[in-house]
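# Descriptive analysis of the structure
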Amino acid sequence: MDLSKEYPFIHIYTQHKPRQPVIIKGNTEGLCVLLNAIINAIAYPQTNGIAEVFCGDAECYQVLVQHISTHKELSPLPYQEEHEPK
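These numbers were taken from a predicted model, which means no experiment stands behind them.

This part covers the packing of aromatic side chains. Per the stated rule, a full pass over the model turns up two aromatic pairs. Ring centres of Tyr7 and Phe54 lie 5.0 Å apart, and the angle between their planes is 80°; on these two criteria the pair is classed as edge-to-face. Taken together, the residues Tyr7 in the segment before strand E1 (10–13) and Phe54 in strand E3 (residues 49–54) connect sequence positions 47 residues apart. Phe54 sits in the buried class, given a relative accessible area of 16%. The interplanar angle of 55° and the centroid separation of 6.3 Å between the aromatic rings of Phe9 and Phe54 together place this pair among those described as tilted. With Phe9 in the segment before E1 and Phe54 in strand E3, this residue pair connects regions lying 45 residues apart in the sequence. Take Phe9: its relative accessible area is 21%, and that puts it in the partly exposed class. Chaining the aromatic ring pairs together yields one cluster made of Tyr7, Phe9 and Phe54.

This part covers a nonpolar patch on the surface. On the surface, a nonpolar cluster with roughly 240 Å² of combined accessible area is contributed by Val22, Ile24 and Leu31. Among the secondary structure elements, Ile24 is positioned in strand E2 (residues 23–26). Ile24 gets classed as partly exposed once you look at its relative accessible area, which sits at 43%.

Glancing now at the confidence of the model for the chain. For the chain, the average pLDDT comes to 85, and 85% of its residues sit at 70 or higher. When pLDDT is averaged over each helix and strand of the chain, the minimum, 60, is found for helix H2 (residues 78–81) and the maximum, 96, for helix H1 (residues 28–43).

For the rest of this paragraph, the subject is H1. The end-to-end C-alpha separation of H1 is 22 Å, in line with the 22 Å expected for 16 residues at 1.5 Å each. Considered for burial, the residues of H1 that qualify are Gly30, Leu34, Ala37 and Ala41. The buried residues of H1 all sit within an arc of 55° when viewed along its axis, so they share a single face. The exposed residues of H1 that point more than 90 degrees off its buried face are Thr28 and Ile42.

Conventions used here
- Residues numbered from 1 in each chain as written.
- Predicted model: local features only at pLDDT ≥ 70, side-chain atom pairs only at ≥ 80, totals over all residues.
- Heavy atoms only, no water.
- Phe/Tyr/Trp six-rings, centres within 6.5 Å; stacked < 30°, edge-to-face > 60°.
- Helix = DSSP H or I, 4+ residues; strand = E, 2+ residues; numbered from the N terminus.
- Buried < 20%, exposed > 50% of the residue type's maximum accessible area, 1.4 Å probe, protein only.
- Patch = residues over 30% accessible without salt bridge, like charges linked within 9 Å, V, L, I, M, F, W, Y side chains within 5 Å.
- Areas by Shrake-Rupley, 256 points an atom, 1.4 Å probe, with all protein chains shown as cover.
- Salt bridge = Lys/Arg side-chain N within 4 Å of Asp/Glu carboxyl O.
- pLDDT = per-residue confidence, 0-100.
- Expected span 1.5 Å × (residues − 1).
- Arc of directions from axis to C-beta.

Quick look at the structure:
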């Protein structure tokens, strides 16, 4: 399904292992919406920056950008959960 070029398209490919790159693909509108969410997270650290975007299959979703101040707030990492001892 093709949507109008005004729709903000973004897809964020997460890491599956340490040291893999995170890839963000998006059109100009999608990258601007993401940039605004990042700016809002910096300007208002007590709230999330939110980008409402579309992925490749035209489904709408939200990207939440959180401003944090400690390493602990980064946990858990996506690739750690499957490799941690139980």
